Amino acid sequence: MYYNEDTIIYLNGEFVKSAEAKIDLYSQSLHYGYSVFEGIRSYKTIKGETAIFKAGEHYSRLKNSADAMNIPFTYSSEELITATYELLSRNNMQDAYIRPLVYAPANMSFTKNTESFLVIAVWKMEPFLGEKLLKVMTSSFQRPNPKGFKIEAKASGHYVNSILASQEAKARGYDEALLLDINDFVAEGPGANVFFEKNGKLFTPPTKNILAGITRATVIEICKELDITVEEKYFTGDELKEADAAFFCGTAAEVIGWESLDNVKFPKAWNETVSSIIQEAYQCKVLHKEFKRSFVRA
Ligand code: PMP
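Bear in mind that the values here come from a model prediction, so they are computed numbers and not experimental data. (Residues numbered from 1 in each chain as written. Predicted model: local features only at pLDDT ≥ 70, side-chain atom pairs only at ≥ 80, totals over all residues. Heavy atoms only, no water.)

**Focus: the site of the ligand**
Taken together, 16 residues lie around the ligand, and Y159, E188, I214, T215 and T251 are the ones closest in. E188 places a side-chain nitrogen or oxygen 2.6 Å from a nitrogen atom of the ligand. The separation between an oxygen atom of the ligand and a polar main-chain atom of I214 is 2.7 Å. In isolation the ligand has 380 Å² of accessible area, and contact with the protein removes 96% of it. According to the grid-proximity analysis, the pocket containing the ligand is the largest pocket. Considering only residue class, the shell around the ligand consists of five nonpolar, seven polar and four charged. (Near = heavy atom within 4 Å. Polar contact = N/O pair within 3.5 Å; in protein donor to acceptor, adjacent residues only side chain to side chain. Areas by Shrake-Rupley, 256 points an atom, 1.4 Å probe, with all protein chains shown as cover. 1 Å grid on protein atoms, 1.4 Å probe; cavity = no way out; pocket = protein on both sides within 12 Å on 5 of 7 lines; lining within 4 Å. Sits in = over half its atoms within 2 Å of the grid points. Nonpolar A, V, L, I, M, F, W, Y, C, P; charged D, E, K, R; others polar.)

Here it is as structure tokens:
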């Protein structure tokens, strides 16, 4: 699914075959989850060009994540963006998921390293199909305590929490998990941020206890453009269950509506929600399509 014998990756400044690349078994990253990464998408736009969505934002978050974790990072966003376009072209891909990972050398102690390694892999991602609404379950797992982790960093180790929560939800017959923060307020999904809609207004948790998603920022940007009120505030799962609608947003998930939370259904038909307007406007943005305000439903 991710690669075959022809797949090319970008590894420490060179384009090499994925199947021939090696990683050190003594890497601190493999043993302790000490690495940082990004999840980026490229799209074939309506003009037929390849466009990486918010490439600058993603690569600057990668650098910030590396800095937060004391992982050496010597690349500029410009060179990484250029390399990524070249990588997409070498793999003959337009609609793709792009995964940069900055990882540590062999080091079985907890000391800081003087070097790091960078790999960028790309794989094919089908364009959005998502009509199906999600059945979401409140997880028994909380998001990591921001006093124990640099929660603003997209660090690999944090994703053990995401894996546990997501697997728990799926084992119980749900599509995805919703995690609360250390104060039992709603935080985010295992790999996406959350919004809810009430009386035509949108609400989302503040960035303190969550990953500051680039899609989340894009949703807020769309709200400003379309004159939709959006408020950042802490809220509980009970308040969320009183909402008209809710959705996850993230690079991979894009904007995806919910059917229910803990089997409590959201009352508004998805295609009558303001949230569905955001979903449509987001699709337009990634595809460089003009979004016409006439679409806006009252
Ligand atoms: N929260 C978590 C925990 C995530 O892993 C992601 C995906 N990167 C997001 C939120 C959404 O972030 P983005 O919109 O930047 O993809």
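Now that the structure has been shown, the text picks up again.
**Some details on helix α4 (residues 159-171)**
Here α4 is 13 residues long and its end C-alpha atoms lie 18 Å apart, about the 18 Å a rise of 1.5 Å per residue gives. By the burial criterion, the buried members of α4 are Y159, N161, S162, A165, S166, E168 and A169. At its buried positions, α4 is contacted by β3 (35-37), β8 (134-142) and β9 (176-180). Once α4 ends, the next one or two residues include G173, with phi positive near 90 degrees. (Helix = DSSP H or I, 4+ residues; strand = E, 2+ residues; numbered from the N terminus. Expected span 1.5 Å × (residues − 1). Buried < 20%, exposed > 50% of the residue type's maximum accessible area, 1.4 Å probe, protein only. Contact = heavy atoms within 4.5 Å.)

**Details of the pairing of strand β14 (residues 245-250)**
Summarising burial for β14: six of the six residues are buried, a large majority. Where burial is concerned, the two faces of β14 agree: the one with A245, F247 and C249 and the one with A246, F248 and G250 are both buried. Where strand β11 (residues 193-198) lies against β14, five bridges are found, and the strand directions are antiparallel. Bridge pairing in β14 places V194 opposite F248. Note that β14 and strand β15 (residues 254-261) share four bridges and pair antiparallel. Directly across from C249, in β15, lies its bridge partner V255. As consecutive antiparallel partners, β14 and β15 are separated by three residues. (Pairing = 2+ DSSP bridges.)

**Overview of a nonpolar patch on the surface**
A grouping of L25, Y26, L30, Y32, M108 and F110 is seen on the molecular surface, where their side chains present a nonpolar patch of about 740 Å² in accessible area. Looking at the secondary structure, you find L25 in the loop between β2 (14-17) and α1 (28-32). (Patch = residues over 30% accessible without salt bridge, like charges linked within 9 Å, V, L, I, M, F, W, Y side chains within 5 Å. Salt bridge = Lys/Arg side-chain N within 4 Å of Asp/Glu carboxyl O.)

**Things to note about the pattern of salt bridges**
This model, assessed by the stated rule, comprises 16 salt bridges. Here D67 and K63 are joined by a salt bridge, their closest N and O atoms 2.9 Å apart. You can see D67 and its partner K63 sitting in helix α2 (residues 55-68), four residues apart, about one turn around the helix. For D67, a relative accessible area of 40% gives the class partly exposed. Judged by its relative accessible area of 34%, K63 is partly exposed.

**Things to note about the nonpolar core**
Within the largest apolar cluster, 29 residues are counted, with the highest numbers of intra-cluster contacts made by V36, L80, I98, L118 and I120. Mapped onto this core, the elements with two or more residues apiece are β1 (8-11), α2, α3 (77-90), β6 (96-103) and β7 (117-124). Per-element accounting of this core gives the leading share, five residues, to α2. The contacts of L118, once residues within four sequence positions are left out, are Y10, L11, N12, L62, Y75, L80, L101, V102 and Y103. One finds L202, I228, I278 and F291 within the second-largest nonpolar core, a separate group that totals 23 residues. (Core = buried A, V, L, I, M, F, W, Y, C linked by side-chain atoms within 4.5 Å.)

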